[in-house]
Amino acid sequence: MAFLNALVTQQFAPDAIPAAVRSAIGKPLRRAAALTQLALVGACASLPEAQREHPTLLLWQSISGPRQETQNLLDEVCLGGGEPMPYDFLATQPALAAAQIQPFLPGLRSATHLPLDNELASHWALMLGLACTWLDQGRCAQVLCAQLDHWSDSASGQWLTVTDRPLETALASLQIAREDATATALDNADFPAGLREWLNDGRSPHLTLQSAALPRLAVEFARL
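Not measured: the values here are computed from a predicted model.

Visitor: Is there a simple way to explain the packing of aromatic side chains in this structure?
Guide: Remark: the centre distance and the inter-plane angle together describe each pair of aromatic rings, the angle taken between the planes. On inspection of all chains with the given rule, the structure shows 3 aromatic pairs. Sitting over the face of the ring of Trp 198, Arg 223 holds its NZ or CZ atom 4.4 Å from the ring centroid.

Visitor: How should I be thinking about the pairing of strand S6 (residues 172-176) in this particular structure?
Guide: If a strand is regular, its side chains alternate between the two faces of the sheet. As paired strands, strand S1 (residues 2-12) and S6 are joined by 3 bridges and run antiparallel to one another. When the sheet's bridge partners are listed, Phe 3 is paired in S6 with Ser 173. Direction of pairing for S6 relative to strand S8 (residues 218-223): antiparallel, over a ladder of 5 bridges. Bridged to Leu 174 within S8 is Phe 221.

Visitor: How should I be thinking about the layout of surface pockets in this particular structure?
Guide: Gaps left between atoms show up when a probe the size of a water molecule is rolled over them. Size it by volume and the largest pocket reaches roughly 230 Å³. Looking at the largest pocket, it is lined by 13 residues, and the ones nearest its centre are Glu 119, Gln 147, Asp 149, Gln 158 and Ala 189.

Visitor: In this structure, what is going on with the pairing of strand S4 (residues 142-150)? I would like to understand it.
Guide: Burial within S4 is extensive, with 9 of its 9 residues counted as buried. Along S4, one buried face is formed by Gln 142, Leu 144, Ala 146, Leu 148 and His 150 and the opposite face, lined by Val 143, Cys 145, Gln 147 and Asp 149, is buried too. Judged from the 6 bridges that link them, strand S2 (residues 56-62) and S4 form a sheet pairing that is parallel. Bridging from a neighbouring strand, Trp 60 pairs with Ala 146 of S4. Bridge analysis of S4 against strand S5 (residues 155-163) gives 9 bridges, and the strand direction is antiparallel. Note on S5: the bridge partner recorded for Gln 142 is Thr 163.

Visitor: Would you mind showing me how to read the packing of helix H1 (residues 17-25) against helix H2 (residues 34-46) here?
Guide: When two helices pack together, their arrangement is given by the angle between their axes and by how far apart the axes lie. H2 packs onto H1 with a crossing angle of 40° between their chain directions and a minimal axis gap of 9 Å. Crossing of H1 against H2: the hand is left-handed. Along the contact surface, H1 presents Ile 17, Pro 18, Ala 20, Val 21, Ala 24 and Ile 25, while H2 presents Ala 34, Gln 37, Leu 38, Leu 40, Val 41 and Cys 44. Considered class by class, the residues forming the contact of H1 with H2 number 11 nonpolar, 1 polar and no charged.

Visitor: Honestly, the nonpolar core in this entry has me stumped. Any pointers?
Guide: Soluble globular proteins: nonpolar side chains tend toward being buried together. Counting residues in hydrophobic clusters, the biggest one holds 30 residues, and the most contacted among them are Leu 128, Leu 160, Leu 174, Phe 191, Leu 195 and Phe 221. The element contributing the most residues to this core is helix H6 (residues 124-136), with 8 residues. In this structure, Leu 160 is in contact with Leu 4, Ala 6, Leu 7, Trp 124, Leu 128, Val 143, Leu 144, Cys 145, Phe 191 and Leu 195, ignoring residues within four places of it in sequence. Counting 29 residues, the second largest nonpolar core, distinct from the first, contains Ala 20, Ile 25, Ala 43 and Leu 105.

Visitor: Honestly, the sheet that holds S5 in this entry has me stumped. Any pointers?
Guide: Whether parallel or antiparallel, the strands of a sheet pair through hydrogen bonds between backbone atoms. Taken together, 8 strands build an open sheet; the order of strands is S3-S2-S4-S5-S1-S6-S8-S7 and the sheet is mixed. The open sheet has two edge strands, strand S3 (108-115) and strand S7 (206-210), and neither has a second partner. Ignoring strand direction, the axes of neighbouring strands in this sheet form an average angle of 25°. The sheet contacts of H6 involve S1, S2, S3, S4, S5, S6, S7 and S8, and relative to S4 the element is tilted by about 160°. Helix H7 (residues 191-201) contacts S1, S5, S6, S7 and S8 of the sheet and is inclined by roughly 120° relative to S1.

Visitor: What should I look at first to understand the pattern of salt bridges in this one?
Guide: Side chains bearing opposite charge may pair, as long as their charged atoms lie close to each other. Applying the stated rule across the entire model yields 3 salt bridges. Arg 203 serves as the salt-bridge partner of Asp 201, at 3.4 Å between the closest nitrogen and oxygen. Asp 201 sits in the partly exposed class, given a relative accessible area of 30%. Using a relative accessible area of 67% as the deciding quantity, one classes Arg 203 as exposed. A network of salt bridges, in which partner residues are shared, links Asp 201, Arg 203 and Arg 223.

Calculation rules
Residues numbered from 1 in each chain as written. Predicted model: local features only at pLDDT ≥ 70, side-chain atom pairs only at ≥ 80, totals over all residues. Heavy atoms only, no water. Phe/Tyr/Trp six-rings, centres within 6.5 Å; stacked < 30°, edge-to-face > 60°. Lys NZ or Arg CZ within 6 Å of the ring centre and 35° of its normal. Pairing = 2+ DSSP bridges. Helix = DSSP H or I, 4+ residues; strand = E, 2+ residues; numbered from the N terminus. 1 Å grid on protein atoms, 1.4 Å probe; cavity = no way out; pocket = protein on both sides within 12 Å on 5 of 7 lines; lining within 4 Å. Points joined across faces, edges and corners; volume = space filled by probe spheres on them. Buried < 20%, exposed > 50% of the residue type's maximum accessible area, 1.4 Å probe, protein only. Axes fitted to C-alpha atoms, helices over the stretch in contact; angles between N-to-C directions. Left-handed = near helix turned anticlockwise from the far one by under 90°. Contact = heavy atoms within 4.5 Å. Nonpolar A, V, L, I, M, F, W, Y, C, P; charged D, E, K, R; others polar. Core = buried A, V, L, I, M, F, W, Y, C linked by side-chain atoms within 4.5 Å. Salt bridge = Lys/Arg side-chain N within 4 Å of Asp/Glu carboxyl O.

If you want it as structure tokens, here you go:
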């Protein structure tokens, strides 16, 4: 069994992200893509400083991906007629976010990016199912599951922190549900909002999230 220790939702104007980074770590994160900066700000908000050295895995999905960074790179090559700087190319590689945030999250052991092609289906159930499995296997002490998106007019981050033991701030327990479990939550971009509503309404003792991509996979939350 695993435990939901934090649920964090962040919204930014794109030009406000660098200020959020400075507020989180006390200095700018130079030459970092917007998604990397969102990852750093969200991770710091999701994990108290005392927990940042604990063995941590990061799973994050994105609809936007490095779209803005890729467009900037193409403009430089196709319209500017010059060679892009190395960090412009690196900004188009989401997997490199882990290397740039690891100095501020020393317990980070691994990070995986899961691209999405639309808002109707997400990988929350997959990420949470992996978190439950890895925590049970002792591969880590905590897993950060996130959705990060950066558009021309907005930026957002949604975070769930899953731990191997209930902390003082624990919100619910969770585990992989039986195969015939009845889904009560949709696996889409709005799932964190639905989870927050379930945590606050106090009506049903359980919430079951079923994967849209893998219907046999479901994750069940229970109130503590």
